[in-house]
Amino acid sequence: MISTGAGISTESGIPPFRGSGGLWQNFKPEDLATPEAFERDPVTVWQWYDWRRQLISKVEPNAGHYALVEMEHLFHRFFLFTQNIDGLHQRAGSKQVHELHGNIWRVRCPAEDRTFVLAQTPLPGIPPLCECGATLRPDVVWFGESLPRDILNLAREVASSCDFFFTIGSSSTVEPAASLAWIARENGGVVVEVNEEITPVTEIANECFLGKAGTVLSDLLQAIKK
Ligand code: NAD
């Protein structure tokens, strides 16, 4: 099982939430990515998402994303879960991507309870409106919100039965995704971490590769292929 976080996309030029370069106009992501912030000020929240959408539209997947595409073909049982909302795994060519926190290119109409892709960037108007007149929201999971039940259940099931659990580029501080490594470990899975820094998972990991995801995953892929 593979579980990726914002760190796999930094080499593409997308800043993470934590660490350097993650700021936008002096707002903290944690203060914008909440239902309360959206209720209070949907325009500012949408300006931030529009900025992120424009940024993501201009970048390309990197070596880390592409290594995972190749790995998908090499293993009979391969599951890729991501906390990322940028869609770069799919753009690289990964076929089975389970998005734990939604996707920045999808929007949701709260009035009609339906989601759809709104790919136009920059957005024609902020906040974007549904045909029914309601204010659309990004179809992403905000702090304090529940993850999609079916995807989270699948993630827990796979974590508890996998031989290997790779956590790549995640600070492992955002629950419930962070706990997946512990589920894997408790159920006999070998936990492997790929990160530039030490995280809470490091001390339970069987193996830890300190470095850039693009480099480490490319090297791992070559080693697997030998
Ligand atoms: P995070 O921002 O909390 O942590 C990023 C982690 O990646 C850090 O531990 C950092 O050391 C590591 N890292 C940075 N560059 C790396 C590299 N090149 N190689 C290896 N590791 C690297 O991210 P998170 O744990 O994913 O969780 C926070 C939330 O951030 C999630 O909800 C996610 O949806 C959201 N997020 C997503 C994106 C995206 O879609 N690209 C970007 C920013 C934040």
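In what follows, the structure referred to is the one given above.
Residues numbered from 1 in each chain as written. Predicted model: local features only at pLDDT ≥ 70, side-chain atom pairs only at ≥ 80, totals over all residues. Heavy atoms only, no water.

A. Molecular detail of the packing of helix α4 (residues 63-74) against helix α8 (residues 213-225). For the pair α4 and α8, interaxial distance at closest approach is 8 Å and the crossing angle is 25 degrees. Taken together, the axis directions place α4 and α8 in an arrangement best described as roughly parallel. For α4 against α8, the interelement crossing comes out left-handed. Between α4, through Ala63, Gly64, Ala67, Leu68, Glu70, Met71 and Leu74, and α8, the contact on the second element is made entirely by Ala213, Gly214, Leu217, Ser218, Leu220, Leu221, Ile224 and Lys225. Considering only residue class, the contact of α4 with α8 consists of 10 nonpolar, 3 polar and 2 charged. (Axes fitted to C-alpha atoms, helices over the stretch in contact; angles between N-to-C directions. Helix = DSSP H or I, 4+ residues; strand = E, 2+ residues; numbered from the N terminus. Parallel < 35°, antiparallel > 145°, perpendicular 65-115°, else oblique. Left-handed = near helix turned anticlockwise from the far one by under 90°. Contact = heavy atoms within 4.5 Å. Nonpolar A, V, L, I, M, F, W, Y, C, P; charged D, E, K, R; others polar.)

B. Local environment of unusual backbone geometry. Omega for the peptide link from Thr121 to Pro122 comes to -5 degrees, which places this bond in the cis form. When you line up the elements, Pro122 lands in the loop between β5 (114-117) and β6 (137-140). Omega for the peptide link from Ile126 to Pro127 comes to 0 degrees, which places this bond in the cis form. Despite not being glycine, Asp113 shows a phi value in the positive range, around 50 degrees.

C. Layout of the pairing of strand β4 (residues 102-109). Buried residues dominate β4, accounting for 6 of its 8 residues. Taken together, the 4 bridges between β4 and β5 define a ladder with antiparallel strand orientation. Residue pairing for β5: Arg106 is matched across the bridge by Val117. In this structure, the hairpin formed by β4 and β5 is closed by a connection of 4 residues, where Asp113 is found at a positive phi of approximately 50 degrees. (Buried < 20%, exposed > 50% of the residue type's maximum accessible area, 1.4 Å probe, protein only. Pairing = 2+ DSSP bridges.)

D. A look at the packing of aromatic side chains. For the structure on display, the rule yields 5 aromatic pairs. Measuring from centroid to centroid gives 6.4 Å for Trp46 and Tyr49, while their planes differ by 70 degrees, and the two rings are edge-to-face. Here Trp46 and its partner Tyr49 are both found in helix α3 (residues 42-58), 3 residues apart, which amounts to about one turn of the helix. We classify Trp46 as buried; its relative accessible area is 0%. With a relative accessible area of 2%, Tyr49 lands in the buried category. With a centroid separation of 6.4 Å and an interplanar angle of 20 degrees, the aromatic rings of Phe75 and Phe78 are classed as stacked. Using a relative accessible area of 14% as the deciding quantity, one classes Phe78 as buried. In this arrangement the basic side chain of Arg52 is found over the ring face of Trp48, its NZ or CZ atom lying 4.5 Å from the centre. A cation over an aromatic ring shows up here: Arg137 above the ring of Trp142, its NZ or CZ 3.9 Å from the ring centre. (Phe/Tyr/Trp six-rings, centres within 6.5 Å; stacked < 30°, edge-to-face > 60°. Lys NZ or Arg CZ within 6 Å of the ring centre and 35° of its normal.)

E. Region of interest: the sheet that holds strand β7 (residues 164-168). The 6 strands lie next to each other as β3-β2-β1-β7-β8-β9, forming an open sheet whose pairing is parallel. Looking along the sheet, the strands with just one partner apiece sit at the ends: β3 (97-99) and β9 (207-210). Strand-to-strand twist across the sheet, computed as the mean angle between neighbouring axes with direction ignored, equals 15 degrees. Pairing between strand β1 (residues 2-4) and β7: 3 bridges, direction parallel. Within β7, the residue paired with Ser3 across the bridge is Thr167. Against the sheet, helix α6 (residues 149-161) touches β2 (80-82), β3 and β7, its axis set at about 130 degrees to β2. Lying on the sheet, α8 is in contact with β7, β8 (190-195) and β9; it crosses β7 at an angle near 155 degrees.

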